[in-house]
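As a plain string of letters, each chain reads:
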Amino acid sequence: MPERTIYLDHAATTPLDKRVLDAMMPYLTTEYGNASSIYTLGRHAMQAIDHAREQVAEAIHARPTEIAFVGCGSESDNLAIKGMAFASQKKGKHIITSSIEHHAALHTCQYLERFGFTVTYLPVDEYGRVDPSEVERALTDQTTLVSIMYANNEVGTIEPIEEIGRICRARKIPFHVDAVQAGGALPIDVVALYADLLSLSAHKFYGPKGVGILYVRQGMRILPQLQGGSQERGRRAGTENVAGIVGAATALRLAQEELPEVTPRITALRDRLIEGILAIPGSRLTGHPTHRLPNNASFCFEGVEGESILLNLDLLGVAASTGSACTSGSVDPSHVLVAMGLPPEWSHGSLRLTLGKGNTEAEIETLISALPGIVEKLRNLGAQAL
Ligand code: PLP
C-alpha cells in the first residue's frame, strides 16, 4: 500500500479545510441549540446561521434573503428546477436544459416529463459547449425555466453563462445555473451572470459534505419540495444543520478570497499534466482547450478501459476518476462524452484528473511518468485477449 494518496479527484469531493473545521467545532459541541428555540442557546444557533447567510451573500454578490441552505448540491438543483417548474406551471410547461448536465439536473428534468412538462435537451459542440443562440431558438411562449451548468463536472468545460443569462433576462424567463463545480474554482457573481437561481455544494470547495446552497433572486417564486416547518423562509423545511451551514459559508468565503492566489498555481499544474499526458500515443484531451476549469484535466485513451486505468493508478496510490462519481462503475460510456460525439472506442477510456490546492509538482510528475506504462500494459493485455 503506497504511503500517501496522490489525490486527483477534487471534482468528486475535497478534504475539509482545517479553518472550516475550526469554525464548525463550537456548533458540533457546546453550541448545540436548535435555531428555532427562543432561549439563548437557540438564538446563538440562529445568529450563526444569519451570519453564514450574510457571508454567502457577500461572496456571490447577492442579498442575504436570497440565500437558502439545503442538504446538498443535488437538493439545490432539485429545488431550483422542480420548485420553479411547479410554481409556474400555469404559465407554461416547457423547460430548456443541456444534454451534458449533472444527473441531479438531468434526472430532475426527466422526472418532470412524467408530469406533462416538455424538456428540450440542447446539444453541445465537440468541446461540450452550449451555443447561446440555440437557447434563444429553443425558447417558446411556454418556457418557464432554462437550466444550464456553469462548468461541466466531467470534462471541465465552462459554459457561456453570461450570454445565456442575458438572453433569458431579456425574455423574462427564469435562469438556473448549476454552479456546483464552479463554486471553488471561478468567481461567482449572480448579478453579472444574470442568474435567477444558482446552486452550490460545500464539499466541492473544502467545506463539509451534506450542505448545499440555493440562491433565489428576489421576486422569484419557487414551490418548496419539503413540507414541514417554515425554516429557510419557508423554502426548505427541517431543523437547520448549523455546523454544516457555518462550514459551508466559511469554506465559500475562503475559496472565493483565495482564488487569485490558488488559480495560477493550479492552472500551471493542470497545463503540465495536459502536456505530459498528451505525449502518450492514442490520447486526447476532452473538454474545451481554453474555456475549462483551472483544476480539470480530462482525457480519453483509445482502446483502453477507463476503469482498468483507475485500478492501476490506485495500486500506485493515485485517486482519480473516469468522469463523474455517479457514472463510475457503470458500463455505459458517459452521457457527456456521447453528447460531445466521442466514438465508443475512445469514450470507454476516459480519465478525469482534478487538482486541488494541496497538490504538488512532484505528484504531477509521478503521474506523468507512471501513466504511459499503464496505458501500454493495458493495450497489450487487450491485444492478447483478442
Ligand atoms: N451538479 C454538479 C455539476 C456536480 O458536479 C455535482 C456533484 O458532483 C452535483 C450537482 C451534486 O452535488 P452533491 O454531491 O452535493 O449532491
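Numbering of residues starts from 1 in each chain and follows the order in which that chain's sequence is written. Restriction of local features to residues with pLDDT of at least 70 applies here, the model being predicted, together with a cutoff of 80 or more for giving and counting side-chain atom pairs; totals for whole chains, interfaces and linings are based on all residues. With hydrogens and water set aside, each side-chain value is computed from the structure's full complement of heavy atoms.

Asks: Honestly, the confidence of the model for the protein chain in this entry has me stumped. Any pointers?
Replies: Keep in mind that low pLDDT regions are not for reading the predicted coordinates in detail. For every residue, the predictor states its confidence as a pLDDT score lying anywhere from 0 to 100. Here the protein chain shows a mean pLDDT of 96. Residues at 70 or above account for 97%. Contacts between residues were defined by any pair of non-hydrogen atoms, one from each residue, lying within 4.5 Å. Across residues 324–328 the pLDDT falls below 50, and counting only partners more than four positions away or on other chains, this stretch makes ten contacts in the model.

Asks: When you look at the side chain of S99 in this model, what are you seeing that I'm missing?
Replies: Numbering goes from the N terminus for both helices and strands, where a helix is a DSSP run of H or I of at least four residues and a strand is a run of E of at least two. Of note, S99 is situated in the loop between strand 3 (94–98) and helix 4 (103–113). Within the structure, the side chain of S99 is placed 2.9 Å from the backbone oxygen of L122, a separation counted as a polar contact. In this structure, S99 is in contact with L106, Y121, L122, P123, V124, H335 and A339, ignoring residues within four places of it in sequence. In protein, a polar contact requires one atom able to donate a hydrogen and another able to accept it; more generally it is a pair of N or O atoms within 3.5 Å, and residues adjacent in sequence count only if both atoms are side-chain atoms.

Asks: I would appreciate a short explanation of empty space enclosed by the protein in the present structure.
Replies: Which parts of space are left empty comes out when a probe the size of a water molecule is rolled across the atoms. Cavities and pockets were defined on a 1 Å grid built over protein atoms only: a cavity is a set of grid points that admits a 1.4 Å probe from which the probe cannot escape, a pocket is an open set flanked by protein on both sides within 12 Å along at least five of seven lines, and lining residues are those with an atom within 4 Å of any such point. Grid points are joined across faces, edges and corners, and a volume is the space filled by probe spheres set on the points. With the rule as written, the count across this model stands at two cavities of 30 Å³ or more. Of the voids in this model, the largest cavity is the one considered here, and its volume is about 310 Å³. Taken together, 26 residues form the lining of the largest cavity, with G184, A185, Y206, I266 and N295 sitting closest to its centre. The dominant element in the lining of the largest cavity, judged by the number of residues it contributes, is helix 7 (residues 242–277), at eight residues. Residues are grouped as follows: nonpolar covers Ala, Val, Leu, Ile, Met, Phe, Trp, Tyr, Cys and Pro; charged covers Asp, Glu, Lys and Arg; every other residue, Gly included, is treated as polar. In the lining of the largest cavity, the residues fall into 14 nonpolar, seven polar and five charged. Surrounding the second largest cavity, E154, V155, T286, S298, F299, T322, G323, L337, S350, L351 and R352 form its lining. Looking at the lining of the second largest cavity, the element that brings in the most residues is strand 12 (residues 350–354), giving three residues.

Asks: What am I meant to see in the site of the ligand here?
Replies: We define proximity as follows: a residue is near a molecule or strand when any one of its heavy atoms falls within 4 Å of that partner. Near the ligand you find 13 residues, and of these G73, S74, D178, S201 and K204 are the closest. G73 is positioned such that a nitrogen or oxygen atom in its backbone is 2.8 Å from an oxygen atom of the ligand. Side-chain polar atom of D178 to a nitrogen atom of the ligand: 2.7 Å apart, as the coordinates give it. Looking at which element gives the most residues to the shell around the ligand, the answer is helix 3 (residues 73–87), with three residues. Counted by class, the shell around the ligand contains three nonpolar, seven polar and three charged residues.

Asks: Any chance you could explain the sheet that holds strand 10 (residues 296–301) here in plain terms?
Replies: Each strand in a sheet pairs with another by means of backbone hydrogen bonds, the pair being arranged parallel or else antiparallel. Pairs of strands are assigned from DSSP output, requiring at least two bridges between the strands. An order of 9-10-12 is seen for the three strands of this open sheet, with the pairing classed as antiparallel. In this open sheet, the two edge strands, each paired with only one partner strand, are strand 9 (283–285) and strand 12. The mean inter-strand angle of the sheet, taken between neighbouring strand axes irrespective of direction, is 25°. Pairing between strand 9 and strand 10: three bridges, direction antiparallel. Bridge pairing in strand 10 places L285 opposite F299. Each axis is a line fitted through C-alpha atoms, taken for helices only over the stretch in contact, and angles between the N-to-C directions span 0 to 180 degrees.

Asks: Could you clarify how one ought to interpret the pairing of strand 5 (residues 143–149) in this entry?
Replies: Consecutive side chains along a regular strand alternate between the two faces of the sheet. When a residue's accessible area, from a 1.4 Å probe over protein chains only, is under 20% of the maximum for its type it is buried; when over 50% it is exposed; and in between it is partly exposed. For strand 5, the tally of buried residues reaches seven of seven residues, placing the bulk of the element in the interior. Relative to strand 5, strand 3 runs parallel, the two being bridged by four bridges. By the bridge assignment, H94 is partnered in strand 5 with T143. Sheet topology places strand 5 next to strand 6 (residues 175–178); four bridges connect them, and they run parallel. Bridged to M149 within strand 6 is D178. Place the viewer so that the strands point away; then a crossover is right-handed whenever the path from the first strand over the helix to the second strand goes clockwise. Between the parallel elements strand 5 and strand 6, the chain passes through helix 6 (residues 161–170) in a crossover that is right-handed.

Asks: When you look at the state of the cysteines in this model, what are you seeing that I'm missing?
Replies: Note on disulfides: each one is a pair of cysteine sulfur atoms within 2.5 Å. A full pass over the atoms with the stated rule returns zero disulfides. No disulfide involves C109; its sulfur sits 13 Å from the nearest other cysteine sulfur, which is in C168. Given a relative accessible area of 0%, C109 falls into the buried group.

Asks: Whenever I open this one, the nonpolar core confuses me. Can you help?
Replies: Proteins that are soluble and globular tend to have nonpolar side chains buried together. Residues belong to one nonpolar core when they are buried, are Ala, Val, Leu, Ile, Met, Phe, Trp, Tyr or Cys, and are joined through side-chain atoms within 4.5 Å. With 68 residues, the main nonpolar core has I60, I67, V146, Y150 and L198 as its most contacted residues. In terms of residues, this core owes the most to one element, helix 7, which gives ten residues. Residue contacts for I60: discarding those within four places in its chain leaves I67, I188, D189, V190, L200, Y215 and L252. Core analysis: the second largest hydrophobic core is formed by 28 residues, L269, I274, A297 and V304 among them.

Asks: Looking at this structure, I do not really get unusual backbone geometry. What am I missing?
Replies: With the exception of glycine, the majority of residues adopt a negative phi angle, and the majority of peptide bonds are in the trans configuration. For Y194, which is not a glycine, the phi torsion comes out positive at approximately 55°. The residue Y206 is not glycine, and still its phi comes out positive at about 70°.

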